[in-house]
Amino acid sequence: MSAVKQLIQHYQGLVGQEIHIGPWLEIDQQRIDDFARVTRDEQWIHIDPERAARESPYRTTIAHGFLTLSLLPYLTQSNHPEFFASNYPGMRLRVNYGLNKVRFPAPVLCGARLRARTAVQSVEAVDRGVQIVYLLTIDIDGGSKPACVAEQIMRVYP
C-alpha cells in the first residue's frame, strides 16, 4: 500500500477526534508590541497599557487576533521535527494550504495564557498527496470562550 493510502487510512480513523493539546504560552506586552511593530498595527488598544487601563472595556491591552493566529505553529507544535515524523509517516513535505474559517470569539488580554487543541475534521487524496482539515481551538486559561477557532487545511506529500 502506498504512503498516501496508508496516511489517508490512518487519518480517516481520527476524523472527529481531538489528537493534540499543545503547551500553554503567556501573551505578554513585549510579544504584543513586537507584533504591532512588525505588522504596523499599532492601535492603542494593543500597545498603550495606560490608555487601555483608562478607556478599554478590558482595562488592559489585548493581543491582535492575527497575533493569536500567527502562533498556531508553536501552539499546535506542528513544526517540531518529531511531530512531522510521527504524524505523517512516509511523507517528506507539508504545506499550509490555508484556512476555511477563522473566528475570534474572545479577546486575549495581556498576560493571558493560550494553548491549542487540534481535532481532525476531514482527510482526502489530492494532487499526489493528502489533504487534512484540522479544527484548531485556541483556549484562554480560565476563559469561558476560546480566543480563536479556525479550520486549517494542510497538504502533505511523499
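Refer to the preceding data block for the structure.
Residues numbered from 1 in each chain as written. Predicted model: local features only at pLDDT ≥ 70, side-chain atom pairs only at ≥ 80, totals over all residues. Heavy atoms only, no water.

(A) Main features of the packing of aromatic side chains. The full count for this structure, using the stated rule, is 5 aromatic pairs. Judged by centre distance (6.1 Å) and plane angle (75 degrees), the rings of Phe83 and Tyr88 are edge-to-face. The class for Phe83 is buried, based on a relative accessible area of 15%. One aromatic cluster in this structure is built from Tyr11, Phe83, Phe84, Tyr88 and Tyr134. Above the ring of Tyr97, the side-chain terminus of Arg155 is found at 3.7 Å from the ring centroid. (Phe/Tyr/Trp six-rings, centres within 6.5 Å; stacked < 30°, edge-to-face > 60°. Buried < 20%, exposed > 50% of the residue type's maximum accessible area, 1.4 Å probe, protein only. Lys NZ or Arg CZ within 6 Å of the ring centre and 35° of its normal.)

(B) Region of the structure containing helix H1 (residues 3-12). Buried residues of H1: Val4, Leu7, Ile8 and Tyr11, and no others. Buried positions in H1, seen along its axis, are confined to an arc of 100 degrees and lie on one side of it. Within H1, the exposed residues directed more than 90 degrees away from the buried face are Lys5 and Gln9. Turning to H1, the residues buried within the fold contact strand E1 (18-21), helix H7 (81-87), strand E4 (113-126), strand E5 (129-140) and strand E6 (148-157). (Helix = DSSP H or I, 4+ residues; strand = E, 2+ residues; numbered from the N terminus. Arc of directions from axis to C-beta. Contact = heavy atoms within 4.5 Å.)

(C) Seen up close, the environment of Ala52. Within the fold, Ala52 resides in helix H4 (residues 49-55). Overall, the relative accessible area of 0% leaves Ala52 in the buried class. Not counting chain neighbours up to four residues away, the residues in contact with Ala52 comprise Trp44, Arg59, Thr60 and Thr61.

(D) Quick peek at the side chain of Asp139. Within the secondary structure layout, Asp139 lies in strand E5. When its relative accessible area of 13% is taken as the criterion, Asp139 is described as buried. There is a polar contact of 2.7 Å between the side chain of Asp139 and the side chain of Arg117. Sequence-distant contacts of Asp139, defined by excluding residues within four places in its chain, comprise Trp24, Arg113, Leu114, Arg115 and Arg117. (Polar contact = N/O pair within 3.5 Å; in protein donor to acceptor, adjacent residues only side chain to side chain.)

(E) Spotlight on the nonpolar core. Within the largest apolar cluster, 37 residues are counted, with the highest numbers of intra-cluster contacts made by Tyr11, Ile27 and Tyr88. Broken down by secondary-structure element, the contributors of at least two residues to this core are H1, helix H2 (29-39), helix H5 (65-70), helix H6 (72-76), H7, E4, E5 and E6. Ranked by the residues each element gives to this core, the list is headed by E5, at 6 residues. Excluding its chain neighbours within four sequence positions, the residues that come into contact with Tyr11 are Ile19, Asn87, Tyr88, Val120, Val123, Ile132 and Tyr134. (Core = buried A, V, L, I, M, F, W, Y, C linked by side-chain atoms within 4.5 Å.)

(F) Main features of the pattern of salt bridges. Tallied over the entire structure, the rule returns 8 salt bridges. Notably, a salt bridge pairs Glu18 with Arg117, separated by 3.0 Å at the nearest N-O pair. Separated by 99 residues along the polypeptide, Glu18 in strand E1 and Arg117 in strand E4 bring together distant segments of the chain. The class for Glu18 is partly exposed, based on a relative accessible area of 41%. Note that Arg117 and Asp139 form a salt bridge whose closest N and O atoms lie 2.7 Å from each other. With Arg117 in strand E4 and Asp139 in strand E5, this residue pair connects regions lying 22 residues apart in the sequence. Assessed through its relative accessible area of 25%, Arg117 is described here as partly exposed. (Salt bridge = Lys/Arg side-chain N within 4 Å of Asp/Glu carboxyl O.)

Worth remembering: the numbers are spatial, not functional.
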